[in-house]
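Okay, here's what each chain looks like letter by letter:
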2 protein chains.
Amino acid sequence: MSLQGANLGKPINIDFAERVDLFKNTFVFEGLGDDDIKEIAGMAFAKRFAKGGSIFYQDEPCEFFHVVARGLVKVSICSFSGSRITYLLADRGEPLNLVGPFTGSPRFISAEALEETIVVHVNREDFLSFAIKNHVVIINIISILGSAIDSANGRIIDMIEKPVEQRLLKVLYTLYEKFGNTLKFTSNELAELAGTTTESTLRAMGRLRKRGIITSGRGEVSITRPAKLKLLSDETLWV
Amino acid sequence: MSLQGANLGKPINIDFAERVDLFKNTFVFEGLGDDDIKEIAGMAFAKRFAKGGSIFYQDEPCEFFHVVARGLVKVSICSFSGSRITYLLADRGEPLNLVGPFTGSPRFISAEALEETIVVHVNREDFLSFAIKNHVVIINIISILGSAIDSANGRIIDMIEKPVEQRLLKVLYTLYEKFGNTLKFTSNELAELAGTTTESTLRAMGRLRKRGIITSGRGEVSITRPAKLKLLSDETLWV
DNA sequence: ATTTGTCTATGACGGTGATCATATTCCGGT
DNA sequence: ACCGGAATATGATCACCGTCATAGACAAAT
C-alpha cells in the first residue's frame, strides 16, 4: 500500500539528447520545430519511481508538467467511499496532467507507477509560458482534452447500457491495441478500468477463458484470439 | 421529434452593444480588455431557434463557435443503441462547443434548444485566431475542459456507487443552484442527466414528493426544501 | 369537440451484479 | 524455509433497477 510521501521519486540524470528524443515522441509537442523541442527539453529534469510509487497525489496543487519517459503510470480518480476508476494508463511520451499546469489548482486525480518508471518534469510556469508561445501545443492539448471528455462520456453510456462482460471486452481490446498480446494487469486493475468490482471481473474473465479468447495467470492476461476480441468489442476507449 | 435540418435557425439581428454585453458575461472571455471584447463581438452574428430546434448535430464538422444569448440549450451525446446523456445545459453566456473550434472535426454531440433560444455564432477560424492571440481565453478554455473531465469522471463513479435516487438528488440540487426553485424539465430530461430511465426517475420523484422535498407537475419540478436537498446531495455536478 | 401525442404514474417480473464469505495458490520478504 | 499478504477463484444471497405493460391526465392541433 503506497502511503503518501512514501515514494517521492529519486532525482536521476538523463541526457539532454534523450530528453529531446522523448519530447519528439510526445504528442503534445507534435508540430514543433527542433529548436522549440530543444528549448523545452532544456527545462526538463527526471525522477525515478519504484513500482507502486506515487508521482502525485490528489489535492496536491500542481507544480509540474509530467511526461512518462519509461515505465507505466496509472492515473486514477478515487471517491470518498473508496471506489476508484483509472482514467489513463500512460507510457513513454504520454503526459500525466494537461490541465493542472494551466490552473495550478489541485484536481482529484492521483498518479501511481505500475512498474519501475522514469518521469520527466517541467516546472509549471515554464511549461505554461512555453505552451502559450507555441500555439500548436495549445491546440494539441485542447484536442487531447476533447478526446478525454468524449471518452469519459462514452464510459458513462457504457455504464448505462453495457453489461460488465462487454465493458471488460472493450477494456481488453483497448489494452491489446496499446500494449500488445500480453497484458500485465491484475483483475483489480482491469476492474478499475471497466468500472466494476474485482469479483465480477474475475467471473467475466473465467467466461472469456472458457470461450478461448484469453488465457490468464497471476497478474497477467494474454489475448489468444485478437480477431474475436475485436469483433466482440466494436469500439475502443481512450486510455 | 426534431429531425435533422428541420429547424436550422433564423438569422436575427442583435445590437453590437448587446453582443458586447453578452461576451462580457461569458466566462471564456473573462479577463479580456474592453477592446478585445469589442473585437470578438464585432465578428459575431446571431440566430434564433424555436423550442426543439437543432443548433448542431452529431457528426457535423464544426464551423462555428457558439454562445447562448437567450434561452436554454441541451448538449447531449447519444449512443448507437439510443441511450442519451445530457452533458451540458447552457443558458446565457455559456458556450456550446469549446473543443470543436480547435480541431474542426466532428464530435459525437448534438445541441438542441429546450425553449425559444438565441445563439450567437463566430466563425471557427476567427475564433481560433482570436483565442490564440489572447492567452487568457486559452487558459479559461482549458480550465473549463478540466472541469468537464472531472465532472464526467465523477458521474462515472456515481454510476458505480450511487443508487438512482441519490444521483437524482444530485441532479436536482445542481439544477436548483443554477436555475432556482422552479425547474422546467420533464422526467425524461432529468433521467438523461441522472443516467437512468424515465420510469426510475418517476418512481424516485414519487418518493421525494412523499418526503416533502419536491412538488412536481407536468414538465416541471419545484424544490420545496432546498436545505434538505442540499443535505442529501453532498456534491454537485457541472452541468 | 375530438383526436393525437406527450408526460406522468404504477404494477409485475426477472436478471445483473454488488456484497460477503471462504478457500487456494502464488510471490516476496525475512 | 517459513510466513504473510496479495491475487485468483467461486459459491450464495438479494436488492436494485431496467424492461414491458397498461392507464390516465394534460396540452396542443385540426
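Analysis parameters
Residue positions are counted from 1 within each chain, in the order its sequence is given. The order in which chains are written sets their letters, starting at A; the order in which ligands are written sets their numbers, starting at 1. Under the rules for a predicted model, residues below a pLDDT of 70 receive no local features and side-chain atom pairs below 80 are neither given nor counted, while totals for whole chains, interfaces and linings still include all residues. Computation of side-chain values: all heavy atoms of the structure, hydrogens and water removed. When at least one non-hydrogen atom of a residue lies within 4 Å of a molecule or strand, that residue is treated as near it. Polar contact criterion, stated in full: a pair of N or O atoms within 3.5 Å, where within protein one must be able to donate a hydrogen and the other to accept it, and residues adjacent in sequence count only if both atoms are side-chain atoms. Per the convention used, a helix needs a DSSP run of H or I reaching at least four residues, while a strand needs a run of E reaching at least two, with both numbered from the N terminus. Each residue gets one of three labels, nonpolar for Ala, Val, Leu, Ile, Met, Phe, Trp, Tyr, Cys and Pro, charged for Asp, Glu, Lys and Arg, and polar for the others, Gly among them. By definition, residues are in contact when any of their heavy atoms lie within 4.5 Å. Multiplying 1.5 Å by the residue count of a helix minus one yields the expected span of that helix. Each residue gets one of three labels from its accessible area relative to the maximum for its type: buried under 20%, exposed over 50%, partly exposed in between, using a 1.4 Å probe on protein chains only. Put simply, buried area is the surface a 1.4 Å probe can reach on two separate parts but cannot reach once they are joined, added for both. By salt bridge we mean one thing: a side-chain nitrogen of Lys or Arg within 4 Å of a carboxyl oxygen of Asp or Glu. The least-squares superposition of copies is restricted to C-alpha atoms, and to residues with a pLDDT of at least 70 in both copies. The rule for pairing is simple: two strands pair if DSSP sees at least two bridges between them. Working convention: axes come from line fits to C-alpha atoms, limited for helices to the stretch in contact. Angles between N-to-C directions cover 0 to 180 degrees. Any two rings among Phe, Tyr and Trp, with Trp reduced to its six-membered ring, count as a pair given centres within 6.5 Å; such a pair is stacked if its planes are under 30 degrees apart, edge-to-face if over 60, and tilted if neither.

Surrounding DNA strand D, one finds 16 residues, the nearest of these being Arg203 and Arg218 of chain A together with Val164, Thr196 and Ser200 of chain B. Per the 4 Å cut-off to the protein, sugar and phosphate atoms form 53% of the nearby atoms of DNA strand D. Between DNA strand D and Arg203 of chain A, the relevant distance is 2.8 Å, taken from a base oxygen to a side-chain nitrogen or oxygen of the residue. Arg209 of chain A places a polar side-chain atom, nitrogen or oxygen, 2.9 Å from a phosphate oxygen of DNA strand D. Those elements that provide at least two residues to the surface near DNA strand D are helix H8 (198-210) of chain A together with helix H8 (198-210) of chain B. Here the element with the most residues in the surface near DNA strand D is H8 of chain A; it accounts for 4 residues. Of the residues assigned to the surface near DNA strand D, the class counts are 3 nonpolar, 6 polar and 7 charged.

The full set close to DNA strand C counts 17 residues, and Pro163, Val164 and Ser200 of chain A together with Arg203 and Arg218 of chain B are the nearest of them. Counting only the atoms of DNA strand C that lie within 4 Å of the protein, the sugar and phosphate share comes to 58%. The contact in question runs from a phosphate oxygen of DNA strand C to an N or O atom on the backbone of Val164 of chain A, over 2.7 Å. For DNA strand C, a phosphate oxygen lies 3.1 Å from a polar atom in the backbone of Ser187 of chain B. Secondary structure elements with two or more residues in the surface near DNA strand C: H8 of chain A together with H8 of chain B. Residue contributions to the surface near DNA strand C peak at 4 residues, all from H8 of chain B.

Residues and elements named next belong to chain A. Mapped onto the fold, Glu165 is located in helix H6 (residues 164-179). Distance from Glu165 to Leu208, taken between C-alpha atoms, is 8.7 Å for residues 43 residues apart in sequence. In this view, Glu165 contacts Ala204, Arg207, Leu208 and Arg211; residues no more than four positions away in its chain are not counted.

What follows concerns H8 of chain A. Residues and elements named next belong to chain A. An ideal rise of 1.5 Å per residue puts 18 Å on 13 residues; H8 measures up with 18 Å between its terminal C-alpha atoms. Tucked inside the fold, the buried residues of H8 contact H6, helix H7 (187-194), strand E10 (214-217) and strand E11 (220-223). Backbone geometry just downstream of H8 places Gly212 in the positive-phi region, at approximately 75 degrees.

Here we take up the side chain of Thr174 of chain B. Relative to the elements of secondary structure, Thr174 of chain B occurs in helix H6 (residues 164-179). Residue contacts for Thr174 of chain B: discarding those within four places in its chain leaves Thr236, Leu237 and Val239 of chain B.

Residues and elements named next belong to chain A. Inspection of the secondary structure assignment puts Lys162 in the loop between helix H5 (135-161) and H6. Overall, Lys162 belongs to the buried group, its relative accessible area being 14%. The contact partners of Lys162, leaving out residues within four places of it in the chain, are Ile157, Arg167, Lys170 and Glu235.

It is common to give the size of an interface as the accessible area lost on bringing the parts into contact. Listed as interface residues are 35 residues of chain B and, on the opposing side, 35 residues of chain A. Across the chain B to chain A interface the summed buried area is about 3400 Å²; carbon plus sulfur atoms make up 78%. The largest contributions to the chain B side of the interface with chain A come from Ile142, Ile149 and Ile156 of chain B, which together make up 18% of the buried area. Across the contact surface, chain B and chain A share 0 salt bridges.

Applying a rotation about an axis and a shift along it to one chain copy brings it onto the other copy. For the pair chain B and chain A, the best superposition has an RMSD of 0.0 Å and corresponds to a rotation of 180 degrees with a translation of 0.0 Å parallel to the axis. The transformation just described matches what one would write down for a two-fold rotation axis. Take the interface residues of chain B: 100% of them recur as interface residues in chain A, which is what a same-surface contact looks like.

Another point: the sheet that holds strand E5 (residues 73-78) of chain A. In sheet architecture, strand pairing relies on hydrogen bonds along the backbone and comes in two forms, parallel and antiparallel. Residue and element names in this part refer to chain A. Here we have 4 strands laid out as an open sheet, ordered E3-E7-E5-E6, and antiparallel in their pairing. The open sheet terminates on both sides in strands that have one partner only, identified here as strand E3 (54-56) and strand E6 (84-90). Neighbour-to-neighbour, the strand axes of this sheet turn through a mean angle of 30 degrees, independent of strand direction. Of the strands in this sheet, E5 and E6 touch H7, which is tilted by about 100 degrees from E6.

All names here are of chain A. Tallying each qualifying case throughout the model produces 18 aromatic pairs over all chains. Measuring from ring centre to ring centre gives 6.1 Å for Phe29 and Phe130, while their planes differ by 80 degrees; the resulting arrangement is edge-to-face. With Phe29 in the loop between helix H1 (16-24) and helix H2 (34-42) and Phe130 in helix H4 (residues 124-133), the pair connects residues that are 101 residues apart, well separated along the chain. A single burial state applies to Phe29 and to Phe130, both of which are buried. Members of the aromatic cluster, each reached through a chain of ring pairs, are Phe23, Phe29, Phe65, Phe102, Phe127 and Phe130.

None of this, on its own, says anything about what the molecule does.
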